[in-house]
Amino acid sequence: IKDDWVYKDADTVGYKAAMIRSYDASAKKWMLYYADNAYRSQIWEGRFENNEWWFYRERTQDGKRIIIKIKWIAVNKKLVQQYINRSFDEGKTWVLGSISDYKRNK
């Protein structure tokens, strides 16, 4: 499943990104691959938890490990909300990082 994303602040394009969600049959899990025009690439692992799909990845910030999880909720046929949560304690607690709206062009 491929999505092309354009992030705008007002009418100014901040970045363009491509996301591919695919099922890895050998690992038996969903994966998300992200790349944008600012040379950022990310790989996320899908997990179905509490009847929701979340995609996880880890990164380092100021020398500390952070776990990030992201999900999308369809509000209607034209609008999706993206939720990003972060954990600074190995997934014991989560902090909401952001909620963003994405509108369908087609």
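Counting restarts for each chain: residues are numbered from 1 in the order of the written sequence. Given that the model is predicted, a residue must reach a pLDDT of at least 70 before its local features are reported, and side-chain atom pairs must reach 80 or more before they are shown or counted; all residues, however, enter totals for whole chains, interfaces and linings. In computing side-chain values, all of the structure's heavy atoms are included and hydrogens and water are not.

1. Focus on the pattern of salt bridges
Item 1. Definition used for salt bridges: Asp or Glu carboxyl oxygen within 4 Å of a side-chain nitrogen of Lys or Arg. Per the counting criterion, the structure on display carries eight salt bridges.
Item 2. The salt bridge partner of Asp4 is Lys2, with a shortest N-O separation of 2.6 Å. In terms of burial, Asp4 and Lys2 fall into one category: exposed.
Item 3. For Lys29, the salt bridge goes to Glu45, with nearest N and O atoms at 3.4 Å. Residue Lys29 is found in strand S3 (residues 29-36), and its partner Glu45 is found in strand S4 (residues 41-49); the two are separated by 16 residues along the sequence. Relative accessibility decides the category of a residue: with a 1.4 Å probe and only protein chains considered, values under 20% of the type maximum give buried, values over 50% give exposed, and everything between is partly exposed. Going along the chain from the N terminus, every DSSP run of H or I of four or more residues is numbered as a helix, and every run of E of two or more is numbered as a strand.

2. What about the packing of aromatic side chains?
Item 1. Side-chain rings of Phe, Tyr and Trp, where Trp is taken by its six-membered ring, are said to pair if the distance between their centres is within 6.5 Å; with planes under 30 degrees apart they count as stacked, over 60 as edge-to-face, and otherwise as tilted. Using the criterion set out here, one finds eight aromatic pairs in the structure.
Item 2. Between Tyr56 and Trp94 the ring centres are 6.0 Å apart and the planes differ by 75 degrees, which places this aromatic pair in the edge-to-face class. Note that Tyr56 is positioned in strand S5 (residues 52-61) and Trp94 in the loop between strand S7 (79-87) and strand S8 (95-103), a separation of 38 residues in sequence.
Item 3. Here the aromatic residues Trp5, Phe48, Trp53, Phe55, Trp72 and Tyr102 are joined through ring pairs into a cluster of three or more.
Item 4. Note on geometry: a ring has a charge over it if NZ (lysine) or CZ (arginine) is within 6 Å of the ring centre and within 35 degrees of the ring normal. When the ring centre of Trp72 is taken as origin, the NZ or CZ atom of Arg21, which lies over that ring, is 5.7 Å away.
Item 5. Lying over the aromatic face of Tyr15, Arg40 brings its terminal NZ or CZ to 5.5 Å of the ring centre.

3. Considering the nonpolar core
Item 1. Here, nonpolar core means buried Ala, Val, Leu, Ile, Met, Phe, Trp, Tyr and Cys residues that are tied together by side-chain atoms lying within 4.5 Å of each other. Ranked by internal contacts, the top residues of the largest apolar core, which has 13 residues, are Leu32, Tyr34 and Trp44.
Item 2. Secondary-structure elements contributing two or more residues to this core are strand S2 (12-24), S3 and strand S6 (64-74).
Item 3. Each residue touching Tyr34, except ones within four places of it in the same chain, is listed here: Tyr15, Ala17, Ala18, Met19, Arg40, Ser41, Gln42 and Trp44. Any two residues whose heavy atoms approach within 4.5 Å are treated as being in contact.

4. Description of the side chain of Asn85
Item 1. If you trace the backbone, Asn85 turns up in strand S7.
Item 2. Asn85 gets classed as buried once you look at its relative accessible area, which sits at 13%.

5. Observations regarding the environment of Asn37
Item 1. Mapped onto the elements, Asn37 comes out in the loop between S3 and S4.
Item 2. For Asn37, a relative accessible area of 48% gives the class partly exposed.
Item 3. Distance from Asn37 to Val80, taken between C-alpha atoms, is 22 Å for residues 43 residues apart in sequence.
Item 4. Discounting residues that sit within four places of it in the chain, Asn37 has contacts with Tyr15 and Lys16.

6. Some thoughts on unusual backbone geometry
Item 1. The backbone phi angle of Lys28 is positive, close to 60 degrees, even though this residue is not glycine.
Item 2. Note on placement: Lys28 falls in the loop between S2 and S3.
Item 3. If you check the backbone angles, Tyr39 has positive phi at about 65 degrees while not being a glycine.
Item 4. By relative accessible area, Tyr39 is classed as exposed at 80%.

7. So, the layout of surface pockets
Item 1. A pocket here means an open set of points on a 1 Å grid, computed over the protein atoms alone, that has protein on both sides within 12 Å along at least five of seven lines. A cavity is instead a set of points where a 1.4 Å probe fits but cannot get out; residues with an atom within 4 Å of a point line either one. Grid points are joined across faces, edges and corners, and a volume is the space filled by probe spheres set on the points. The computed volume of the largest pocket comes to approximately 1000 Å³.
Item 2. Residue lining of the largest pocket: 27 residues in total, with Asp4, Trp5, Tyr102, Lys103 and Arg104 positioned closest to the centre.
Item 3. Mapped onto the lining of the largest pocket, the elements with two or more residues apiece are strand S1 (2-9), S5, S6, S7 and S8.
Item 4. Top element by residues in the lining of the largest pocket is S1. It accounts for seven residues.

Any functional reading would require information that these geometric values do not contain.
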